[in-house]
Amino acid sequence: MKPLRILHSEAATGFGGQENRIFKEMCAMRAAGHHLEALCQPHARLTQRLREEGFHVHTMLMDGPRNYFRGLFRVRRILREGRFDVLNTHSRRDTMLAGVAARLAGTPLIVRTRHLAVKPGSLLSYTGVPHRVTTVSEHVRRLLLDCGAAPQRVATVYSPIPLPDPVEHSTLRAELGLPDGAVVVGCVSVMREKKGHRALIEAMAGLLKRPDVFLVLVGDGSPTLENLQAYVHTLGLDDKVLFTGRRSDIPNVLAGFDLFALATEQEASGTVFVEAAAAGLPVVGTDVGGVSEMMRDRETGLLVPLHDAAALTAALTALIDDPDRRRAMGRAGMRAVREGERFTLEGLVRRTEQCYGQWLEERAP
């Protein structure tokens, strides 16, 4: 398709899964020949990350009536002067600001991306302002359809993961002083209550009495991290549940695990399951949100019902006790991710171009 001029907007100031998706999408679409710019708040971490990568980022404060009306006409000017083909918004606040400005500017296509795994309270920022919507999983798409969004106006575009080079030898076990032959269950996730770390610890409490079984939790986030550490201490499992904090060498970390587990309670997609599978790990996850779309139950891992501690323990036990099954599932997961395109940067570009191209054509005079 012909190169497009695309402006992404985001009101959030932190840098989590949503902002990381925007960052990766912008980099991938630019590499494919499109022109990308962003509209963010001046103190947002995404602003800094994008500028470090050479993107032009327009900044403005987005909260409060004064900033809204001042920003409305500034964004309209940015869109008109930049001759943008597409505005892609990502949060309610920037949708109601940049999206309305795009309507006033006559921007050909306004797209809202939905990243959250909860039912929206209103469709205004999905069907009232934008022309079309993309979602990060079919689960999120179904939530919008259940609220009354038209199916032909909502499409799923899965978030990509980087495919790292295979790690010959992980340093993780030596760093943690784990014994030879240890079976390591690992989890990589920001520490939030909804991520289900406590449920995972509870499900593994009996298994951790075995001398060769260990649980490694990677990630940070107060006060959940401190609460989990205190809970582990009360169980007397300080030497069996190991906290590494935040790590920047995730491929090296994953290569030190025997299996990956996350008992999340809420997940729009759950790309960490895909990252684990790409590293050759079998995965154990809760059947919530888009998790079932990230894996193949009984082929690349095991899905268990939410809040079913017995089922979670049984799934973990089955894989801990069967190294051949672990390896077979790990190989199947690696093939599924590396030989398909659903979760690749190339797949993201093709799907995004397909959606933008089709929708621009539908809206053409």
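Remember, predicted model here, so these are calculated numbers, not experimental data.

## Comments concerning the environment of Lys 2
Mapped onto the elements of the fold, Lys 2 is located in the segment before strand S1 (5-10). The exposure class assigned to Lys 2 is exposed, which follows from its relative accessible area of 54%. Along the backbone, Lys 2 and Val 288 are 286 residues apart, and their C-alpha atoms lie at a distance of 39 Å. Not counting residues within four places of it along the chain, the set of residues in contact with Lys 2 comprises His 34 and Asp 85.

## Examining the packing of helix H11 (residues 271-278) against helix H14 (residues 323-339)
One way to put it is that H11 packs onto H14 with a least axis distance of 7 Å and a crossing angle of 110°. In terms of orientation, H11 and H14 fall into the roughly perpendicular class. Of the two elements, H11 crosses H14, and the hand of that crossing is left-handed. Contacts from Val 274, Ala 277 and Ala 278 of H11 reach H14 at Gly 330, Gly 333, Met 334, Val 337 and Arg 338.

## Points about the layout of surface pockets
The volume enclosed by the second largest pocket comes to roughly 400 Å³. Forming the walls of the second largest pocket are 24 residues, and the residues nearest its centre are Ala 255, Ala 279, Gly 280, Leu 281 and Met 334. Within the residue set of the lining of the second largest pocket, elements represented by two or more residues are helix H10 (250-254) and H14. Here the residues of the lining of the second largest pocket sort into 13 nonpolar, 4 polar and 7 charged.

Reading the values: the criteria
Residues numbered from 1 in each chain as written. Predicted model: local features only at pLDDT ≥ 70, side-chain atom pairs only at ≥ 80, totals over all residues. Heavy atoms only, no water. Helix = DSSP H or I, 4+ residues; strand = E, 2+ residues; numbered from the N terminus. Buried < 20%, exposed > 50% of the residue type's maximum accessible area, 1.4 Å probe, protein only. Contact = heavy atoms within 4.5 Å. Axes fitted to C-alpha atoms, helices over the stretch in contact; angles between N-to-C directions. Parallel < 35°, antiparallel > 145°, perpendicular 65-115°, else oblique. Left-handed = near helix turned anticlockwise from the far one by under 90°. 1 Å grid on protein atoms, 1.4 Å probe; cavity = no way out; pocket = protein on both sides within 12 Å on 5 of 7 lines; lining within 4 Å. Points joined across faces, edges and corners; volume = space filled by probe spheres on them. Nonpolar A, V, L, I, M, F, W, Y, C, P; charged D, E, K, R; others polar.

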